[in-house]
Amino acid sequence: MRAIHITETGGPEVLRLAELPDPEPGPSQLLVDVAAAGVNYLDTYHRSGAYPMPLPFIPGAEGAGTVTAVGPDTGGVAVGDRVAWATSLGSYAERAVVAATQALPVPPGVDTETAASSLLQGMTAHYLTVSVHAVQPGETVLVHAAAGGMGLLLTQLATARGARVIGTVSTPDKERLAREAGAADVIRYGESDDVAGEVRRLTGGDGAAAVYDGVGASTFDASLAALRPRGMLALYGAASGPVPPVDPMRLKAAGSVFLTRPVLEHYVATREELTWRAAEVFDAIRDGSLRITIGGRYPLAEARRAHEDLQNRRTTGKLLLLPH
Ligand SMILES: NC(=O)c1ccc[n+]([C@@H]2O[C@H](COP(=O)([O-])OP(=O)(O)OC[C@H]3O[C@@H](n4cnc5c(N)ncnc54)[C@H](OP(=O)(O)O)[C@@H]3O)[C@@H](O)[C@H]2O)c1
């Protein structure tokens, strides 16, 4: 099969196409013909070595496709079933082996490309708005990079729960997308050097109940300063680089605020929690309350370009790799 094979960590140039033997499913594993693989920041951390991986490996935590073979003990999953996953590896390939415990059935009414686009960022946006800070009607939340894969989903989910969303973006096109997703106000953080001041002005001096920050280094100080007393800073990523060590006294000075650095795996810790979050995401897609925006489709061989575009702020919404 054709797959992206990482034999050394580094920049996007280490994403090379290779011809490899088809993987074989072992006990409790499925072999899936991959229709689409989701591209995520996580994949760039695996690729660069920021999150160390044993070499060589096929990257890609997320995808969807059709089961073509099953090992023993796969709990009723059958050849021909459509499945999606967000917490596996090896998705940048024509075929992938997925543990049955990580596979989720794709419900009727959700096409396979949409399924490959929804789970990793969708379940993340779900745990951030439901479990890290349960968004309340009438409150204001700040969503950084609001036109990104995560940002568009967070904006929609927080708006659906009755919050007012203030988004930050870098360009007019991204501003339009953030507003279409429901953002009531949008700040261009490249132009305003006082994002926190803008948030305070827009909230009558109160500040935001929660800040969803996947940008990290360049936004962290403003995120902290934009919170209302006892607000929640969910620092869930570092697209602009890691945040330096934080003195806990800064949380006191900001108004007895909370800081958390959450990650999806801890919020889909059991099969029950995984299937619950995935079902909520798929249900929202099916009833039309959550729109998945696919901002870029790339042939498998162009994985390098997908990573370059993602890391250079050239993309909006979800990016997919298409192996066939
Ligand atoms: N913790 C978790 O469980 C979890 C799960 C999924 C994703 N994440 C994190 O969520 C974040 C967003 O992921 P995504 O896949 O949805 O990406 P994305 O938001 O589609 O892309 C990143 C965006 O960040 C903004 N950005 C600001 N400064 C940047 C810089 N210096 N370099 C690159 N981008 C910059 C850009 O938007 P503007 O041009 O508008 O500034 C860019 O488009 C990542 O940090 C990722 O690691 C975390």
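Below or above, wherever it landed, is the structure these notes cover. From a predicted model like this one, the values you see are computed outputs, not experimental measurements.

**Notes on the overall build of the protein**
Moving on, step 1. Across its full length, the protein holds ten helices and 15 strands.
Moving on, step 2. Its C-alpha atoms give the protein a radius of gyration of 20 Å, near enough to 20 Å, the size a compact globule of 324 residues would have.
Moving on, step 3. Structurally, the protein occupies a C-alpha span of about 60 × 40 × 35 Å along its principal axes.
Moving on, step 4. Put simply, the protein has 324 residues, and 54% of those count as buried.
Moving on, step 5. If you take every contact in the protein between residues at least 6 apart in sequence, the share linking residues at least 24 apart comes to 68%.
Moving on, step 6. Summed over its atoms, the accessible surface of the protein is roughly 13400 Å², and 53% of this surface lies on carbon and sulfur atoms.
Moving on, step 7. Positive and negative side-chain charges of the protein, numbering 28 and 35 respectively, have mean locations separated by a distance of 5 Å.

**Observations regarding the pattern of salt bridges**
Moving on, step 1. Scanning the entire structure with this criterion turns up 18 salt bridges.
Moving on, step 2. The closest approach of N and O atoms between R297 and E113, which form a salt bridge, is 2.9 Å. Here R297 is found in strand 14 (residues 294-299), whereas its partner E113 is found in helix 2 (residues 112-132), with 184 residues between them in sequence.
Moving on, step 3. When its relative accessible area of 25% is taken as the criterion, E113 is described as partly exposed.
Moving on, step 4. Salt bridges linked by common partners bring E175, R179, R188 and E191 together as one network.

**With respect to the nonpolar core**
Moving on, step 1. Residues L119, M123, L128, V141, L154, Y212 and L290 are the most contacted members of the largest nonpolar core, which totals 52 residues.
Moving on, step 2. Counting only elements with at least two residues in this core, the list comes to helix 2, strand 8 (140-143), helix 3 (149-160), strand 9 (164-169), helix 4 (172-180), strand 11 (208-213), strand 12 (227-235) and helix 9 (271-286).
Moving on, step 3. Ranked by the residues each element gives to this core, the list is headed by helix 2, at nine residues.
Moving on, step 4. Excluding its chain neighbours within four sequence positions, the residues that come into contact with L154 are A125, L128, T129, V143, Y212 and Y236.

**Quick notes on the pairing of strand 8**
Moving on, step 1. With burial as the criterion, each face of strand 8 is covered, one bearing T140 and L142 and the other bearing V141 and V143.
Moving on, step 2. Judged from the four bridges that link them, strand 8 and strand 9 form a sheet pairing that is parallel. Residue pairing across strands places T140 opposite R164, the latter belonging to strand 9.
Moving on, step 3. With respect to chirality, the unit in which strand 8 leads through helix 3 into the neighbouring parallel strand 9 is right-handed.
Moving on, step 4. In terms of strand pairing, strand 8 meets strand 11 through three bridges, oriented parallel. Looking at strand 11, one finds that V143 is bridged to Y212.

**Digging into the side chain of R47**
Moving on, step 1. The residue R47 is located in helix 1 (residues 41-48) in this model.
Moving on, step 2. The buried charged residue R47 lacks any salt bridge, with E13 as its nearest oppositely charged partner at 6.5 Å.
Moving on, step 3. Of note is the side chain of R47, whose polar atom sits 2.9 Å from the side chain of Q311.
Moving on, step 4. Look past the residues within four positions of R47 in its chain and what remains in contact with it is I6, T9, G10, G11, P12, V14, L15, F57, H307 and Q311.

Definitions and limits used
Residues numbered from 1 in each chain as written. Predicted model: local features only at pLDDT ≥ 70, side-chain atom pairs only at ≥ 80, totals over all residues. Heavy atoms only, no water. Helix = DSSP H or I, 4+ residues; strand = E, 2+ residues; numbered from the N terminus. Rg over C-alpha atoms; globule rule 2.2 N^0.38 Å. Buried < 20%, exposed > 50% of the residue type's maximum accessible area, 1.4 Å probe, protein only. Contact = heavy atoms within 4.5 Å. Areas by Shrake-Rupley, 256 points an atom, 1.4 Å probe, with all protein chains shown as cover. Lys, Arg positive; Asp, Glu negative; His and termini not counted. Charge placed at Lys NZ, Arg CZ, Asp CG, Glu CD. Salt bridge = Lys/Arg side-chain N within 4 Å of Asp/Glu carboxyl O. Core = buried A, V, L, I, M, F, W, Y, C linked by side-chain atoms within 4.5 Å. Pairing = 2+ DSSP bridges. Right-handed = clockwise from strand over helix to strand, strands pointing away. Polar contact = N/O pair within 3.5 Å; in protein donor to acceptor, adjacent residues only side chain to side chain.

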